[in-house]
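# Architecture and fold: a report
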Amino acid sequence: MAERQTTPWLLTGLAITEFLGGCTFVRGGIGDELKPERVAQIQKGASTRADAIAALGAPDRVVEANGHEVLQYYRYDIKSSSLFLLLVNFSRTSIKSDDLFVFVNKNGVVDDVVFGTKTKNMEFRMWPFGD
């Protein structure tokens, strides 16, 4: 019986795939963490614009809407993972945000506070298809 030998081209191809392929995991964030205890200091009808800025710092964005000044604070959490192969690449990026909106009326008093958190326990997800 003749022995079957692996051709040098197959070994070379596998070596190139190993050296050119790879994985990446990237995490990033934009904005400062919004601490719930600081947000709780802002009371509807009792706090002023100055109170909100003293508790939270300068807003990331200020918008005029429907007779109100809206102070927006945000934090984005970004996680991405990729698998690079010779012919096919797979990647998945997840972006979630924590958002705080403080609505201030014409008298400088806080009319409403809307706070939502989404960045807690966000996982890296390697598989790029579906959940």
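### Here we look at a nonpolar patch on the surface
Nonpolar side chains collect at one region of the surface, where L85, L87 and V88 lie side by side and expose about 310 Å² of accessible area between them. Position of L87 relative to the elements: it lies in the loop between β3 (68-84) and β4 (89-104). Taking the relative accessible area as the measure of exposure, L87 reaches 80% and is therefore exposed.

### Digging into unusual backbone geometry
One non-glycine residue, N66, lies in the positive phi region at around 55°. You can see N66 is positioned in the loop between β2 (61-65) and β3.

### Points about the pairing of β2
Alignment of β2 against β3, held across 5 bridges, turns out to be antiparallel. Bridge assignment links V62 to a residue of β3, and that residue is L71. In this antiparallel pair of consecutive strands, β2 and β3, the connection spans 2 residues, and N66 shows a positive phi of 55°.

Calculation notes
- Residues numbered from 1 in each chain as written.
- Predicted model: local features only at pLDDT ≥ 70, side-chain atom pairs only at ≥ 80, totals over all residues.
- Heavy atoms only, no water.
- Patch = residues over 30% accessible without salt bridge, like charges linked within 9 Å, V, L, I, M, F, W, Y side chains within 5 Å.
- Areas by Shrake-Rupley, 256 points an atom, 1.4 Å probe, with all protein chains shown as cover.
- Salt bridge = Lys/Arg side-chain N within 4 Å of Asp/Glu carboxyl O.
- Helix = DSSP H or I, 4+ residues; strand = E, 2+ residues; numbered from the N terminus.
- Buried < 20%, exposed > 50% of the residue type's maximum accessible area, 1.4 Å probe, protein only.
- Pairing = 2+ DSSP bridges.

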